[in-house]
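Each chain is listed here by its residues.
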Amino acid sequence: MKIGVTGATGHLGRIVVEKLKEKVTSDSIVALVRSPQKASDLGVEAREFDYTRPESLANALKGIDNLLLISGNEIGQRAIQHKNVIDAAKKAGVKWIVYTSLLHADTSSLSLADEHCITEAALKESGIQYTLLRNGWYTENYTGSVQGALAGGAFTGSAGDGKISSAPRADYAEAAVAVLTGGGHHGKIYELSGDESYTLTDLAAELSRQSGKNIPYKNLPENEYADLLKSFGVPEGFACAIAGWDTSASKGDLFDNSRQLSKLIGRPTTSLASVVKDALKGSE
Ligand SMILES: NC(=O)c1ccc[n+]([C@@H]2O[C@H](COP(=O)([O-])OP(=O)(O)OC[C@H]3O[C@@H](n4cnc5c(N)ncnc54)[C@H](OP(=O)(O)O)[C@@H]3O)[C@@H](O)[C@H]2O)c1
């Protein structure tokens, strides 16, 4: 039985392959990647796989039974890219697709939700068995700003008092591996999120506690936060998107207390304190 992993040279995909190798033999894993050269350190077979080249995808999927489709990172292009993969999977006889979607994709106000809903619908229409991993926010999305917050003396955002139930990528990767190597997941939709929920004020307090510096949370209106990000060199479209996601967070769209992630991985999700600690180590 062969498991294909798309996006295997990305942040999440690399951890998935690493953790899959602990559960199944390396020769049953195929990394489906844009650049096989970039995958040479993964220690598994790598096949060229570009979502934008539909004509080549079915051939690359030959012999793959189960596929982890990691959503692409080209916002606005993903619905068509993912459809290319699903169509090719059908042609190639893939039996099961596990897809990384977005937390509460069907009700979320996040601008990202539409593309995920379109892909979810395409999976349902394909007739292939599927499982939806509706991943919540990566804690790293916020802890990636730790250095900037320390330099600027404040943690800035637009999320207000919205509660965020995030988990680090490694937890979501472990869940993907648990699903891919376990039974009884066909047709299931998992809402995956961290056990712990926090506001950005809580995050700033944790950063202050661990760094020994006073780093308050500064909440800005969405447009001012977008302007600030632009002033740091973030491209306009992306700056506006990030600020918009924070507004969605302020409405509770990144909150979930179903604890399905910890149930899947069989342990509590990694704490915010632990991810902040790692981020501070990285900024030393
Ligand atoms: N839950 C969250 O908080 C959150 C945050 C950010 C992103 N995401 C989503 O989760 C996915 C995985 O996260 P990540 O951190 O691993 O992102 P990432 O590091 O940006 O990885 C994205 C992967 O998608 C691959 N990819 C992009 N376009 C492709 C194409 N046209 N054909 C084939 N492969 C393509 C990339 O290939 P290369 O290695 O060749 O670049 C990369 O391996 C993201 O792509 C995005 O959809 C979720």
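Up top is the structure these notes are about.
Here, residues in each chain are numbered from 1, in the same order as that chain's written sequence. Totals for whole chains, interfaces and linings use all residues, but because this is a predicted model, local features are given only for residues with pLDDT of at least 70 and pairs of side-chain atoms are given and counted only at 80 or more. Heavy atoms throughout the structure, all of them, feed into the side-chain values; hydrogens and water do not.

Student: Even after reading the chapter, I still don't get unusual backbone geometry, so can you show me in this structure?
Tutor: The residue histidine 104 is not glycine, and still its phi comes out positive at about 50 degrees. Within the secondary structure layout, histidine 104 lies in the loop between strand S5 (96-102) and helix H4 (113-126). A positive phi angle, near 55 degrees, is found at arginine 259, a position not held by glycine. Secondary structure elements are defined from DSSP: runs of H or I of at least 4 residues count as helices, runs of E of at least 2 residues count as strands, and each element is numbered from the N terminus. Looking at where arginine 259 falls in the secondary structure, it is placed in the loop between helix H10 (236-250) and helix H11 (260-265). Buried, partly exposed and exposed residues are distinguished by accessible area as a fraction of the type maximum, computed with a 1.4 Å probe on protein chains only: under 20%, between the cut-offs, and over 50%, respectively. Under the relative-accessibility criterion, arginine 259 is labelled partly exposed at 43%.

Student: What am I meant to see in H10 here?
Tutor: Every α-helix carries 3.6 residues per turn, so stepping three or four residues along brings you back to the same face. With 15 residues, H10 should reach 21 Å at 1.5 Å per residue; the first-to-last C-alpha distance of 21 Å fits that figure. We call two residues contacting when some pair of their heavy atoms lies within 4.5 Å. Check the buried side of H10 and you find it contacts helix H5 (140-143), strand S7 (155-157), helix H8 (200-211) and helix H9 (222-231). Glycine 252 sits one or two residues past H10 and shows a positive phi near 95 degrees. What a helix should span is 1.5 Å times the count of its residues minus one.

Student: Explain the site of the ligand to me, please; I cannot follow it from the model alone.
Tutor: Taken together, 21 residues are adjacent to the ligand, and Thr9, His11, Leu12, Ser71 and Gly72 come closest. Measuring from an oxygen atom of the ligand, one finds a backbone N or O atom of glycine 72 at 2.7 Å. Pairs of N or O atoms are called polar contacts if they sit within 3.5 Å, as long as, within protein, a hydrogen donor faces a hydrogen acceptor (for residues adjacent in sequence, only side-chain-to-side-chain pairs). Between the ligand and the protein, one listed contact pairs an oxygen atom with a backbone N or O atom of tyrosine 138 at 2.8 Å. Computed on the free molecule, the ligand has an accessible area of 890 Å², of which 85% lies beneath the protein chains in the complex. Lys, Arg, Asp and Glu make up the charged group, whereas Ala, Val, Leu, Ile, Met, Phe, Trp, Tyr, Cys and Pro make up the nonpolar group; the residues left over, Gly among them, are polar. Classifying every residue of the shell around the ligand by side-chain character gives 6 nonpolar, 10 polar and 5 charged. Throughout this document, a residue counts as near a molecule or strand when at least one of its heavy atoms sits within 4 Å of that molecule or strand. Computed with the Shrake-Rupley method and a 1.4 Å probe, the accessible areas treat only the protein chains shown as cover for residues.

Student: Sorry, what's going on with the pattern of salt bridges here?
Tutor: Side chains carrying opposite charge are able to pair once their charged atoms draw close together. Salt bridge criterion: a side-chain nitrogen from Lys or Arg within 4 Å of a carboxyl oxygen from Asp or Glu. Following the criterion strictly, the structure yields 17 salt bridges and no others. Ionic pairing is found between glutamate 115 and arginine 78, a salt bridge with its closest N-O pair at 2.9 Å. Within this pair, whereas glutamate 115 is found in helix H4, its partner arginine 78 is found in helix H3 (residues 78-92), the two being separated by 37 residues in sequence. Per residue, the accessibility class of glutamate 115 equals that of arginine 78, and both read buried. Ionic pairing is found between arginine 267 and aspartate 171, a salt bridge with its closest N-O pair at 2.8 Å. Placement of the pair is arginine 267 in the loop between H11 and helix H12 (272-282) and aspartate 171 in helix H7 (residues 169-181), with a sequence separation of 96 residues.

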